[in-house]
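Working through the structure, step by step
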Amino acid sequence: MQVLGGVTGVLVLALVVRHVGWRQVTEALGRVGFGLLWMPLIYGVANVLMALPFHLFLPREKRPPVAGAICSRLTAAGLNAILPFAALGEASRLLWLNRTQWPEGIAAMVVDRMLFLVASALAVSAGAAALLFVPGAPSWLAAGGISLATVVLVGVAVVGFLIVRRPPIAWARAMLARIRGKVAGVPAPEPVDEALRKLLAGPKRQLWLALALHVTGRALITLEVYVACRLLGVSAGLPDVLVLTAVPLALSVLAAAVPSQIGVQEGAQAAVAAILGLGATAGVLVVLLQRARQILYLPITFVLLATRPHRAPTSAPPHIDVAPQLPS
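Below is a summary of the structure that appears in this document. What you are looking at is a predicted structure, and each value in this text was computed from that prediction instead of being measured.

Some details on the environment of Ile-106
Within the element layout of this structure, Ile-106 appears in helix α5 (residues 102-130). Separated by 90 residues in sequence, Ile-106 and Leu-196 have C-alpha atoms that sit 8.4 Å apart.

Spelled out as structure tokens, the structure:
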């Protein structure tokens, strides 16, 4: 299914670029030049901010260095760009922890991802609301964005409620048990349950701070889209930028099986950019600049994986020989 989604996406991408014109695309990207470097810089700062909640959610005595949390976030973001279902790469963040710390690490990842989804839903809502200021924009598009954001927010709230107030869902526990039977080091469900409840039922100040970091990171991604428009010479106002930022976030839910929404994102952005009056080519070019940024980060992803500190599988105390010594 994932392979089919990826192949279909590549075919759609080729058709979209052919439709807008290969020459027009290559000439526009050529004019950007070294200005492209602004995008990985902004994206890097955004990921540094969004790395901090995972670090905050871990118990003080089990936190890796801040640099380790940042490296784990950059690695996860790089893997998410090439894997289907955007959250699969998040599991790589556990590689910066000892296996005895995995229950707290899994709980930190889950809560971090929940707040990431909340920040993304708020960005989609902002984009949908911005459509109201675009003359001629179809009302169903704004309504669809608001509906999708509402579904995500309600889903996060329900999951949080179930974690705190109800026993864990049986099928989720069974799935974790099956994974544990196949993959060495996967923790039992009970410690993960306890760590999750402790985070969600604990002081809310930490949760609000983490959400603020994710929202700020999302704001920087919006800035990245604005910079992309400026580099391309596209005259886009704030409403246009908010809408263009919201499109890939909505697609990450609707086209989750397609790695990085390749092809799907280009086609959707072309259609939305045409609705905004920016032209279909502008929408495709903005996505291609973001693809170029992803390509720049891919080598960093694999370097970080290869050079990460090797954590001990257990924290067992050193062996002490207590056997009696025979007199010589």
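Moving on, there is more to tell.
Observations concerning helix α11 (residues 264-275)
Taking 1.5 Å of rise per residue, the twelve residues of α11 would be expected to cover 16 Å, and the 17 Å separating its terminal C-alpha atoms lies within 8% of that figure. Within the span of α11, buried status applies to Gln-265, Glu-266, Gln-269, Ala-270, Val-272 and Ala-273. Positive backbone phi, approximately 85°, marks Gly-277, located one or two places after α11.

With respect to the packing of aromatic side chains
Across all of its chains, the model carries one aromatic pair by this definition. Pairing Tyr-43 with Tyr-297 gives two aromatic rings, centres 5.3 Å apart and planes at 70°, and the pair type is edge-to-face. Taken together, the residues span a long stretch of sequence, with Tyr-43 in helix α3 (residues 38-57) and Tyr-297 in helix α12 (residues 280-307) at a distance of 254 residues. Owing to a relative accessible area of 14%, Tyr-43 belongs among the buried residues under this scheme. Its end group placed over the ring of Tyr-43, Arg-293 keeps NZ or CZ at 3.8 Å from the ring centre.

Focus on the pattern of salt bridges
Tallying each qualifying case throughout the model produces six salt bridges. Between Arg-93 and Glu-90 there is a salt bridge, with the nearest N and O atoms lying 3.8 Å from each other. In this structure Arg-93 comes out as buried when scored by relative accessible area, which is 0%. Judged by relative accessible area, which is 6%, Glu-90 ranks as buried. Between Glu-90 and Arg-113 there is a salt bridge whose closest N-O contact spans 3.1 Å. Of this pair, Glu-90 sits in the loop between α4 (66-82) and α5 while Arg-113 sits in helix α5, and the two are 23 residues apart along the sequence. Of the two residues, Glu-90 and Arg-113, neither departs from the other in class, the shared state being buried.

What about α4?
Compared with the 24 Å implied by 1.5 Å per residue over 17 residues, the 25 Å span of α4 between its first and last C-alpha is a close match. Among the 17 residues that make up α4, 13 are buried, leaving the element largely enclosed by the rest of the structure.

As for the packing of α4 against α12
Between α4 and α12, whose axes approach to 9 Å, the crossing angle comes to 125°. The angle between the axes of α4 and α12 places the two elements in the oblique class. In this structure, α4 crosses over α12, and the sense of that crossing is left-handed. Contact residues: α4 offers Cys-71, Leu-74, Thr-75, Gly-78, Leu-79, Ala-81 and Ile-82, while α12 offers Gln-294, Tyr-297, Leu-298, Thr-301, Phe-302, Leu-304 and Leu-305. Considering only residue class, the contact of α4 with α12 consists of ten nonpolar, four polar and no charged.

Points about the side chain of Glu-90
Side-chain polar atoms of Glu-90 contact the side chain of Asn-80, separated by 3.0 Å. Reaching out from Glu-90, the side chain makes a polar contact with the side chain of Arg-113 at a distance of 3.1 Å. Those residues in contact with Glu-90 that lie beyond four places of it in its chain are Arg-73, Ala-76, Asn-80, Met-109, Asp-112 and Arg-113.

Comments concerning a nonpolar patch on the surface
Judged by side-chain polarity, Ile-82, Leu-83, Leu-88 and Phe-302 come together as a nonpolar surface patch covering roughly 340 Å² of accessible area. Looking at the secondary structure, you find Leu-88 in the loop between α4 and α5. What makes Leu-88 partly exposed here is its relative accessible area of 47%.

The rules we used
Residues numbered from 1 in each chain as written. Predicted model: local features only at pLDDT ≥ 70, side-chain atom pairs only at ≥ 80, totals over all residues. Heavy atoms only, no water. Helix = DSSP H or I, 4+ residues; strand = E, 2+ residues; numbered from the N terminus. Expected span 1.5 Å × (residues − 1). Buried < 20%, exposed > 50% of the residue type's maximum accessible area, 1.4 Å probe, protein only. Phe/Tyr/Trp six-rings, centres within 6.5 Å; stacked < 30°, edge-to-face > 60°. Lys NZ or Arg CZ within 6 Å of the ring centre and 35° of its normal. Salt bridge = Lys/Arg side-chain N within 4 Å of Asp/Glu carboxyl O. Axes fitted to C-alpha atoms, helices over the stretch in contact; angles between N-to-C directions. Parallel < 35°, antiparallel > 145°, perpendicular 65-115°, else oblique. Left-handed = near helix turned anticlockwise from the far one by under 90°. Contact = heavy atoms within 4.5 Å. Nonpolar A, V, L, I, M, F, W, Y, C, P; charged D, E, K, R; others polar. Polar contact = N/O pair within 3.5 Å; in protein donor to acceptor, adjacent residues only side chain to side chain. Patch = residues over 30% accessible without salt bridge, like charges linked within 9 Å, V, L, I, M, F, W, Y side chains within 5 Å. Areas by Shrake-Rupley, 256 points an atom, 1.4 Å probe, with all protein chains shown as cover.

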